[in-house]
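Chain residues, written in single-letter form:
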Amino acid sequence: MQELETDYAAMLDQLRQGEIDEIEITPETFMAFHDVYLAADDRKKIIGKAQSGGIVKYIYDNDEK
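Reading the values: the criteria
- Residues numbered from 1 in each chain as written.
- Predicted model: local features only at pLDDT ≥ 70, side-chain atom pairs only at ≥ 80, totals over all residues.
- Heavy atoms only, no water.
- Pairing = 2+ DSSP bridges.
- Helix = DSSP H or I, 4+ residues; strand = E, 2+ residues; numbered from the N terminus.
- Axes fitted to C-alpha atoms, helices over the stretch in contact; angles between N-to-C directions.
- Contact = heavy atoms within 4.5 Å.
- Buried < 20%, exposed > 50% of the residue type's maximum accessible area, 1.4 Å probe, protein only.
- Polar contact = N/O pair within 3.5 Å; in protein donor to acceptor, adjacent residues only side chain to side chain.

This paragraph deals with the sheet that holds strand 2 (residues 46-50). For sheets, the rule is that strands pair by backbone hydrogen bonds, running either parallel or antiparallel. Strand order in this open sheet of three strands is 1-3-2, and the pairing throughout is antiparallel. Of all the strands in the sheet, the pair left with one neighbour each is strand 1 (23-25) and strand 2. Strand-to-strand twist of the sheet, defined as the mean angle between neighbouring strand axes without regard to direction, takes the value 30°. In the sheet, strand 2 pairs with strand 3 (residues 56-60) via five bridges, with the strands oriented antiparallel. Opposite A50, over in strand 3, you have V56 as the bridge partner. Contacts from helix 2 (residues 30-39) reach strand 1, strand 2 and strand 3, with the element oriented near 130° to strand 1.

Rendered as structure tokens:
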């Protein structure tokens, strides 16, 4: 059985809109997410916080600076 590919672009849109609070990325899914992350124009507002086990939780910084 083949695992469905996660739509990280849609997840980033949900993060931007505040529909979700964070995106949790595991070491196994990092490269697929990273490609979408690098293509984001606002990637400086997408902040990753390292967790144990190689997991990174990404949040969106809505603060206007």
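The structure having been displayed, the exposition proceeds.
Another point: the side chain of D61. With respect to the helices and strands, the residue D61 is situated in the segment after strand 3. On the basis of relative accessible area, D61 is assigned to the buried category, the value being 17%. One polar contact links the side chain of D61 to the main-chain amide nitrogen of D63, over a distance of 3.1 Å.

Just distances and angles here, no functional claims.
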